[in-house]
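Given next are the chains, with one letter for each unit.
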Amino acid sequence: MKDVATPVSYERYTGNWLGSTCGWLLTDKTMMMMVKGMSKTLPDLANFYMVGQWVEPGGSVPIVAMSGRNAIQLICAADGKEFATAVA
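Residues numbered from 1 in each chain as written. Predicted model: local features only at pLDDT ≥ 70, side-chain atom pairs only at ≥ 80, totals over all residues. Heavy atoms only, no water.

### Observations concerning the overall build of the protein
Helices and strands together make up the secondary structure of the protein, namely three helices and zero strands. Listing the helices and strands of the protein from first to last along the sequence gives α-α-α. Per-residue burial for the protein yields a buried fraction of 19% across its 88 residues. In the protein, the proportion of contacts linking residues at least 24 apart, taken out of those at least 6 apart, comes to 39%. When the accessible surface of the protein is split by element, carbon and sulfur atoms take 63% of a total near 7,000 Å². (Helix = DSSP H or I, 4+ residues; strand = E, 2+ residues; numbered from the N terminus. Buried < 20%, exposed > 50% of the residue type's maximum accessible area, 1.4 Å probe, protein only. Contact = heavy atoms within 4.5 Å. Areas by Shrake-Rupley, 256 points an atom, 1.4 Å probe, with all protein chains shown as cover.)

Have a look at this one:
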């Protein structure tokens, strides 16, 4: 059995417009959102942080990885802990 993904497959499974593989079209407005950042939490929903290609303007795997890293930084700040990285 083979599974072949087409742009219609992406749209059907993810709801992305025209099978888009990236989250946001970079424009003057969304570029400023990327620089300033967007809220990763929702009002009245404790301990919830949004992560993913639809949370950060730009999309793609590197942006999603950055989104996860940014969420961990927010969690550390909320818990009063220092965020530190290490290379293994």
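That shown, we press on.
### What to know about the side chain of Ser67
Here Ser67 shows up in helix 3 (residues 61-78). The residues contacting Ser67, other than those within four sequence positions of it, are Met50, Val51, Gly52, Val55 and Glu56.

### Looking at a nonpolar patch on the surface
Where nonpolar side chains cluster on the molecular surface, the patch consists of Leu26, Met31, Met32 and Val35 and spans about 370 Å² of accessible area. Its location among the elements puts Val35 in helix 2 (residues 28-36). (Patch = residues over 30% accessible without salt bridge, like charges linked within 9 Å, V, L, I, M, F, W, Y side chains within 5 Å. Salt bridge = Lys/Arg side-chain N within 4 Å of Asp/Glu carboxyl O.)

### Some remarks on helix 3
For helix 3, with 18 residues, the first-to-last C-alpha span of 26 Å sits near the 26 Å given by 1.5 Å per residue. For helix 3, the complete set of buried residues consists of Ile63, Ser67, Ala71 and Cys76. Of the surrounding elements, those touching the buried residues of helix 3 are helix 2. Looking at the residues trailing helix 3, positive phi occurs at Gly80, about 70 degrees. (Expected span 1.5 Å × (residues − 1).)

### Observations regarding the confidence of the model for the protein
Considering every residue of the protein, the mean pLDDT works out to 80; 83% of them sit at 70 or more. When mean pLDDT is compared element by element in the protein, helix 3 scores highest at 90, while helix 1 (residues 7-14) scores lowest at 72. (pLDDT = per-residue confidence, 0-100.)

### Here's the deal with the side chain of Lys40
Position of Lys40 relative to the elements: it lies in the loop between helix 2 and helix 3. Residue classification places Lys40 among the buried positions, given a relative accessible area of 8%. Apart from the residues within four sequence positions on either side, Lys40 is in contact with Phe48, Tyr49, Met50, Val55, Glu56 and Leu74.

### So, unusual backbone geometry
In the Ramachandran plot, Asp44 falls in the positive-phi region, its phi being about 65 degrees despite a non-glycine side chain. Within the secondary structure, Asp44 is located in the loop between helix 2 and helix 3. Residue classification places Asp44 among the exposed positions, given a relative accessible area of 85%. Notably, Asn47 is not glycine yet its phi reads approximately 60 degrees, a positive angle. Topologically, Asn47 is positioned in the loop between helix 2 and helix 3. Asn47 sits in the exposed class, given a relative accessible area of 75%.

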